[in-house]
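Geometric and topological summary
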Amino acid sequence: MRREVPLVIVFICGAFMALQYFVPHNISAVIYQNALNWTIIIGIFTLAVGIGSLVNLHYDKISRRKEKWPYSLVTIGALVFMTVLGLSSPEAVQDPRGLFMKMYFYVLSPVQATMFSLLAFFIASAAYRAFRAKTVLATLLLASAVIVMLGRIPVGDALTAWMPEGTRISDLARYILDYPNTAAKRAIYIGVGLGVAATSLKIILGVERTWLGGGK
Amino acid sequence: MIQPGKKIPMFAIVTLLSVLSAYIAQAQPPHSHMTFVDPDSVFVFKYSSLAPQPGPPENLAAADSPNDAGGAISISWSKAPGDNTIFNSVDGYLLYRSASLDDGFSFLTRLPAGSTGYSDSDPDLKNGENFYYQVAALYGRDTLYAETAGPAVPGAQLFHTKRILVLLFMALFSGTALYLINLAKRGGTLYVRPIPGIDAVDDAIGRATEMGRPILFVPGLGEASRVATIAAFTILARVAKKVAEYQTRIIVPNYDPVVMTICQEVVKEAYSSAGRPDDYDPKDVYFVTQDQFPYTASVNGTMLREKPATNFYMGMFYAESLVLAETGFVSGSVQIAGTDQLIQIPFFVAACDYTLMGEELYAASAYLSQEPQQLGTLKAQDWGKIMAITLMLIGSIVYLFDSGAGEALKNWVIGG
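Residues numbered from 1 in each chain as written. Chains lettered and ligands numbered in written order. Predicted model: local features only at pLDDT ≥ 70, side-chain atom pairs only at ≥ 80, totals over all residues.

**Some thoughts on the overall build of chain A**
To be explicit about the condition: Secondary structure elements are defined from DSSP: runs of H or I of at least 4 residues count as helices, runs of E of at least 2 residues count as strands, and each element is numbered from the N terminus. A residue is called partly exposed when the number of other C-beta atoms within 10 Å of its own lies between 12 and 20, exposed at 12 or fewer, and buried at 20 or more, with C-beta atoms placed from the backbone. Throughout, a residue-residue contact means that the two C-beta atoms, derived from backbone geometry, are no farther apart than 7 Å.
On a plain count of helices and strands, chain A comes out with 7 helices and 0 strands. Counting from the amino terminus, chain A carries its helices and strands in the arrangement α-α-α-α-α-α-α. Burial analysis of chain A (216 residues in total) assigns 15% to the buried set. Contacts in chain A between residues far apart in sequence, at least 24 positions, make up 26% of those at least 6 positions apart.

This is the structure we're talking about:
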């Protein structure tokens, strides 16, 4: 029963969700919307489970004085501090002049922006490795990348201004993006679409059951 | 994925389709379907003696809007005389509505010249009630009314007629999958081409065991309802079972609490099925945060502190993909990634040792399990691809011979 009941629920809900796409009637839309609302409600409840896990993990690190445990102390402290601040008044999470929102705008946002900005350096280092022309395919990748990069900036056309229109580097870049690149992207999209359909079918039919917490 | 004995010349098909697409696009003169009128180069005969006599719009019709939940009526009419780019006689159209022919019509909206239809979805429209419409053409100060149309009765439909092709494709795909699952159950042999990223899983876990380092499994930033995340669960189950058998440690930091709960169950069950339930540590499958970059920072910190021998990135990833993969590269881990997020695939290809691209992520669970039922659905995916390629070839050929027929076919396929 522990396995059969979830499988039956998944079959009914999965089949309904697949069929409701073809039924424009209001009843179908209402049930669909209610199902989405339930997903959100369940998600909110599980947040408590998540916070429990977080506290448990860091409490364990602090109590056992594991490596770099002071960071765990900062995490727990920040969690408690922001929760108390947010619950201190009904306007706390909306008032832009309040301490809660100031912590958000002047501490969290800059920290997030710093992490995001690291991406530029990581792109440079990854591109350096990817563009090393060790094989024929890697050389093709390098050549395409040079054409596309030059073709997207004004200096590219300035360098090839002497060439007839339609054969300049920006035209080549556009061709690469519009044809080989789009063809490859669409191939992946079609594969993903079929993969999603096949996986959904496996779950609805109960062929795939690992989400239940077991292989069989 | 699966080759029925002989290798399919995929490169040839892709090349053929690319050449056909390029030829079709270049055969069309730019903006061939549009007519440009330069206002400085044509005469405008507004109210001139050559203009047709003003008259009301004709062929007014009102009917329930198709394929909706009701509460909408589509109204259409033919343009009034002189409503064109040459004469520009008409200033606009006025639309009126009434619930009864005996009551007066109330003004609904004003539409610009050139309009030939309107979809009325006013909240006052109740399903099952009668509504009448009247349209008038504006010629300066003159208003010429058309005949009344109606009654039109808004109503909900039970089937979306423009999605019939999707339904047919879905039925065909599901039927093929069921047939192949049954075939596989009866002992039919199904060949699956090797996927290097999945073949490397066992070696990667073995490497972690030899080095005495843990394995890091990142299930992405997707919610549990996303199919890519569900595919990540299935891969996690196989990886965790191997990890339990090899008596290695697996760390699973989570972005979503629902995903965390499922991952805990999956890993716990994997340890049990490997006969080592006591080795499972629930603290190794934990929740971090639901903020993208704080989550990334935490996972990066784990990589640099724990120095995992192997990193798995499976599921949905966004801008953090390269930050994670580059940090993993710096910490010297073997990295296997799998995502259906098209934009992130190049980043993983550049930074990881193996990448499961798009459908390979979904194929992984079937490939790892080698269960006949799972392989049956994998084979169905191949048949789906054959159907898609056939449709594309038919569309390209029709387009080459008759662009009008090609457009009609495209609109039918996309339900336009």
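**Structural notes on the overall build of chain B**
Tallying secondary structure elements over chain B gives 11 helices and 14 strands in all. A buried classification covers 40% of the 416 residues belonging to chain B. Once local pairs closer than 6 in sequence are excluded, the contacts in chain B between residues at least 24 apart make up 70%.

**Brief notes about the interface of chain B and chain A**
Our working rule: When residues are grouped by polarity, Ala, Val, Leu, Ile, Met, Phe, Trp, Tyr, Cys and Pro land in nonpolar, Asp, Glu, Lys and Arg in charged, and all others, Gly among them, in polar.
Across the contact, 69 residues belong to chain B and 58 residues belong to chain A. Per-element tally for the side of chain B that touches chain A: the top contributor is helix H5 (residues 257-273) of chain B, with 10 residues. Considering only residue class, the side of chain B that touches chain A consists of 38 nonpolar, 19 polar and 12 charged.

**Digging into the domain arrangement of chain B**
Stated precisely, the cut-off is as follows: Domain delimitation in this document rests on an assignment produced automatically or drawn from a domain database.
Looking at the assigned domains, one finds that chain B contains domain 1 (58-152) and domain 2 (196-370). Here domain 1 of chain B and domain 2 of chain B have C-alpha centroids that lie 59 Å from each other.

**Some details on the pairing of strand S10 (residues 250-254) of chain B**
Residue and element names in this part refer to chain B. Rules: If DSSP finds at least two bridges between two strands, the strands pair. By definition, the crossover connecting two strands over a helix is right-handed if that path, from the first strand to the second, turns clockwise as seen with the strands pointing away from the viewer.
By the criterion of burial, S10 is predominantly enclosed, with 5 of the 5 residues buried. What you see with S10 is no split at all: Ile250, Val252 and Asn254 on one side and Ile251 and Pro253 on the other are buried throughout. Sheet analysis places strand S9 (residues 215-220) next to S10, joined by 2 bridges and oriented parallel. When the sheet's bridge partners are listed, Ile215 is paired in S10 with Ile250. Taken together, S9, helix H4 (residues 227-246) and S10 constitute a β-α-β crossover, and its handedness is right-handed. The pairing of S10 with strand S11 (residues 285-287) spans 3 bridges and is parallel. Residue pairing across strands places Val252 opposite Val285, the latter belonging to S11.

**Some thoughts on the nonpolar core**
Residue and element names in this part refer to chain B. Our working definition: To define a nonpolar core, we join buried Ala, Val, Leu, Ile, Met, Phe, Trp, Tyr and Cys residues through C-beta atoms within 7 Å and take the resulting set.
The biggest cluster of nonpolar side chains holds 94 residues, and the ones touching the most others in it are Leu236, Ala240, Val267 and Ala325. At 13 residues, the largest contribution of residues to this core is made by H4. Contacts of Ala240, omitting those with residues within four sequence positions, involve Ile250, Val266, Val267, Ala270 and Tyr271. If you look at the next biggest cluster of nonpolar residues, it comprises 19 residues, including Ala80, Ala137, Ala146 and Ala149.

**Here we look at the sheet that holds strand S1 (residues 58-64) of chain B**
What links the strands of a sheet is backbone hydrogen bonding, and the strands pair in either a parallel or an antiparallel sense. Residue and element names in this part refer to chain B. This is how it is decided: Comment: axis = line fitted to C-alpha atoms, over the contacting stretch for helices; angle = value between 0 and 180 degrees taken between N-to-C directions.
Taken in spatial order, the 3 strands line up as S1-S2-S5 in an open sheet, and their pairing is antiparallel. Each end of this open sheet is capped by a strand with a single partner; those strands are S1 and strand S5 (117-120). Across this sheet, the average inter-strand angle for adjacent strands is 15 degrees, counted without regard to direction. Sheet analysis places strand S2 (residues 73-78) next to S5, joined by 4 bridges and oriented antiparallel. Bridge assignment links Ile75 to a residue of S5, and that residue is Tyr118.

**What about the domain arrangement of chain A?**
All names here are of chain A. Each assigned domain of chain A is listed here: domain 1 (1-87) and domain 2 (131-216). Just the C-alpha atoms count here: the centres of domain 1 and domain 2 sit 34 Å apart. At the interface, 7 residues of domain 1 touch 5 residues of domain 2.

**What to know about the sheet that holds S10(B)**
Residue and element names in this part refer to chain B. One open sheet holds the 6 strands; their spatial order is S11-S10-S9-S12-S13-S14, and the pairing between them is parallel. Looking along the sheet, the strands with just one partner apiece sit at the ends: S11 and strand S14 (354-357). In this sheet, adjacent strand axes meet at a mean angle of 15 degrees when their direction is disregarded. Along the sheet, H4 makes contact with S9, S10, strand S12 (310-316) and strand S13 (334-339), crossing S9 at roughly 165 degrees.

**Considering the packing of helix H6 (residues 292-306) of chain B against helix H7 (residues 320-330) of chain B**
A pair of packed helices is captured by two measures, namely the crossing angle of their axes and the spacing between those axes. All names here are of chain B. Note the following rule: Roughly parallel means an angle under 35 degrees; roughly antiparallel, over 145; roughly perpendicular, 65 to 115; everything else is oblique.
Two numbers describe how H6 lies on H7: the axes approach to 9 Å, and their chain directions differ by 10 degrees. Our classification of the angle between H6 and H7 gives roughly parallel. Residues Gln292, Phe293, Thr296, Val299, Asn300, Met303 and Leu304 of H6 pack against Glu320, Val323, Leu324, Thr327 and Gly328 of H7. A class-by-class count of the residues in the contact of H6 with H7 yields 6 nonpolar, 5 polar and 1 charged.

**Let's talk about the packing of helix H10 (residues 372-401) of chain B against helix H11 (residues 403-414) of chain B**
All names here are of chain B. Across the interface, H10 lies against H11 with an axial gap of 5 Å and an inter-helix angle of 145 degrees. Touching Gly395, Val398 and Tyr399 of H10 are Ser403, Ala405, Gly406, Leu409 and Lys410, all from H11. When the residues that make up the contact of H10 with H11 are grouped by side-chain class, the tally is 4 nonpolar, 3 polar and 1 charged.

**Description of the confidence of the model for chain B**
Residues and elements named next belong to chain B. The following threshold applies: Every residue is assigned a pLDDT by the predictor, reflecting its confidence on a scale from 0 to 100.
Chain-level statistics for chain B give a pLDDT mean of 83 and a share of 88% at 70 or above. The low-confidence segment residues 1-6 (pLDDT under 50) makes 16 contacts with residues lying over four places distant or belonging to another chain. Under a pLDDT of 50 for its full length, residues 29-47 has, in the predicted model, 11 contacts with residues more than four places off or in other chains. This prediction of the complex comes with two scores: 0.79 for pTM and 0.87 for ipTM.

**A closer look at the environment of Thr377(B)**
With respect to the helices and strands, Thr377(B) occurs in helix H10. The class for Thr377(B) is buried, based on 31 C-beta atoms found within 10 Å. Taking the C-alpha atoms as reference points, Thr377(B) and Thr390(B), 13 residues apart in sequence, are found 20 Å from one another. Setting aside chain neighbours within four positions, we find Thr377(B) in contact with Ala198(A), Leu201(A), Lys202(A), Val207(A), Ala177(B), Ile181(B) and Ala366(B).

**Quick word on helix H3 (residues 196-211) of chain B**
All names here are of chain B. Note the threshold: Expected span, for any helix, means 1.5 Å times one less than how many residues it has. Bend angle per residue: angle between axes fitted to the 7 residues ending at that residue and the 7 residues starting there.
Spanning 16 residues, H3 covers 22 Å between terminal C-alpha atoms, matching the ideal 22 Å at 1.5 Å per step. Considering bend angle alone, the principal kink of H3 is centred on Asp202 and spans about 30 degrees. Listed as buried for H3 are Gly197, Ile198, Val201, Ala204, Ile205 and Ala208. On the buried face of H3, the contacting elements are S9, H4, S12, S13, S14 and helix H9 (359-369). Just downstream of H3 lies Gly212, where phi reads positive at about 70 degrees.

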